[in-house]
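Examination of the molecular architecture
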Amino acid sequence: MLEALTGTGLAGAAGLNAYIPLLAIGLLDRYTSLITLPDSWKWLSNGWVLIILAVLLAVELVADKVPLVDHANDVIQTVVRPTAGGLAFTAGSTSETVTVTDPGSFFESKQWVPMLIGIILAGTVHLTKAAARPVVNTLTLGIGTPIVSTAEDATSATLSVVAIIIPVLVILFIGLFVWLMWWVITRRRRRARARAMAGATQYTQ
C-alpha cells in the first residue's frame with residue numbers, strides 16, 4: 001500500500017511538473033538515505049542526468065509562468081508529463097524508502113503495469129491542470145498565471161518529498177485533486193451554458 005501511495009504521489013507531482021519528482025528522486029538517492037533506487041533505476045541519480053533535469057526544470061519554470069506561452073508549454077508537456085509520471089511511479093514504487101523496506105513486493109511481476117499506472121495518473125493531473133489554466137487566465141486577465149504556476153511547482157515539490165517520506169499523506173492530495181477536477185468541470189460547464197444562452201439571445205434578436 002505504501003509503495004502504491006509513493007508511486008501515486010510522484011506520478012501526481014509529475015502531472016504538475018515533469019521534472020521536479022524525477023529530480024527529487026535522483027537527488028535524494030544520491031545525497032541522502034531517504035530513498036534507495038534499485039540498480040535498474042540508478043541512472044536517475046547520475047550527475048549528468050541530474051544536470052539535464054535541472055536545466056529542463058529551469059526552462060519549464062519560466063515558460064509556465066508567461067500567459068499564452070504556458071498554453072504552448074502545456075501542449076508540449078502533454079507527452080512529457082505522463083511519460084515522466086510513468087518513470088516516477090515505477091521508480092518510486094520499486095524503491096526502498098524510509099517507510100518501505102520491501103521494495104518491489106507490490107509489483108513483483110508485469111513491470112509494465114506501474115509504468116502504465118503512472119502515465120494515466122500523471123496524464124489525468126496534467127489534463128486537469130491544462131484545463132484549469134485558461135479559466136484562471138481569463139478570470140485574472142493573465143495576472144494569476146505566475147502565481148498559480150508557482151503554487152503548482154511548490155505543490156509538485158512538496159508532494160514529491162511527502163510521497164517518499166510520508167506516503168500516507170498522498171491521500172490528502174487525492175482528495176484535493178478530486179475537488180479540483182469537480183471545480184474545473186463545473187466552471188467549464190457554466191461557461192459553455194453562458195455562451196449558449198448568449199448565442200440564443202443574439203439569435204432571437
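In what follows, the accompanying structure is described.

Examining the packing of helix α2 (residues 19-31) against helix α4 (residues 69-93)
- Where α2 meets α4, the closest approach of the two axes is 9 Å, and the angle between their N-to-C directions is 30 degrees. As summarised for this structure, α2 and α4 are arranged roughly parallel, according to the angle between their axes. By crossing handedness, the relation of α2 to α4 is classed as left-handed. For the pair α2 and α4, the contacting residues are Tyr19, Pro21, Leu22 and Ile25 in the first and Gln77, Val80, Ala84, Leu87, Ala88 and Ala91 in the second.
- Here the contact of α2 with α4 is built from residues that sort into 9 nonpolar, 1 polar and no charged.

Looking at the nonpolar core
- Counting 30 residues, the largest nonpolar core has Leu10, Leu22, Ile25, Leu37, Leu44, Ala91 and Ile164 as the members making the most contacts within it.
- Within the residue set of this core, elements represented by two or more residues are α1 (2-16), α2, α3 (47-63), α4, α5 (112-140), α6 (144-165) and α7 (170-204).
- Sort the elements by how many residues they give to this core and α2 lands first, with 6 residues.

Examining the side chain of glutamate 60
- Mapped onto the elements of the fold, glutamate 60 is located in helix α3.
- Residue class for glutamate 60 comes out buried when judged on its relative accessible area of 2%.
- Among residues more than four places away in sequence, those in contact with glutamate 60 are Leu16, Asn17, Tyr19, Asn73, Gln77 and Arg81.

Reading the values: rules and limits
- Sequence order as written defines the numbering, with residues in each chain counted from 1.
- Local features in this predicted model are restricted to residues whose pLDDT is 70 or higher, and side-chain atom pairs enter the listing and the counts only when it is 80 or higher, whereas totals over whole chains, interfaces and linings include all residues.
- Side-chain measures here rest on the full set of heavy atoms in the structure, leaving out hydrogens and waters.
- Angular values range over 0 to 180 degrees, each being the angle between N-to-C directions of two axes fitted as lines to C-alpha atoms, with helices fitted over their stretch in contact.
- Under the DSSP-based scheme used, a helix requires at least four consecutive residues in state H or I and a strand at least two consecutive residues in state E, with every element numbered from the N terminus.
- The cut-offs work like this: below 35 degrees is roughly parallel, past 145 is roughly antiparallel, 65 to 115 is roughly perpendicular, and the gaps in between are oblique.
- Handedness of a crossing follows from how the near helix is turned relative to the far one, being left-handed for an anticlockwise turn of less than a right angle and right-handed for a clockwise one.
- Should any heavy atoms of two residues lie within 4.5 Å, those residues are counted as being in contact.
- Gly falls in the polar group here, along with every residue not listed as nonpolar (Ala, Val, Leu, Ile, Met, Phe, Trp, Tyr, Cys, Pro) or charged (Asp, Glu, Lys, Arg).
- Take the buried residues of types Ala, Val, Leu, Ile, Met, Phe, Trp, Tyr and Cys, join any two whose side-chain atoms come within 4.5 Å, and each joined set is a nonpolar core.
- Only protein chains enter the area calculation, which uses a 1.4 Å probe; residues under 20% of their type maximum are buried, those over 50% are exposed, and those in between are partly exposed.

So, to be careful, I would describe these as geometric facts and stop short of saying anything about function.
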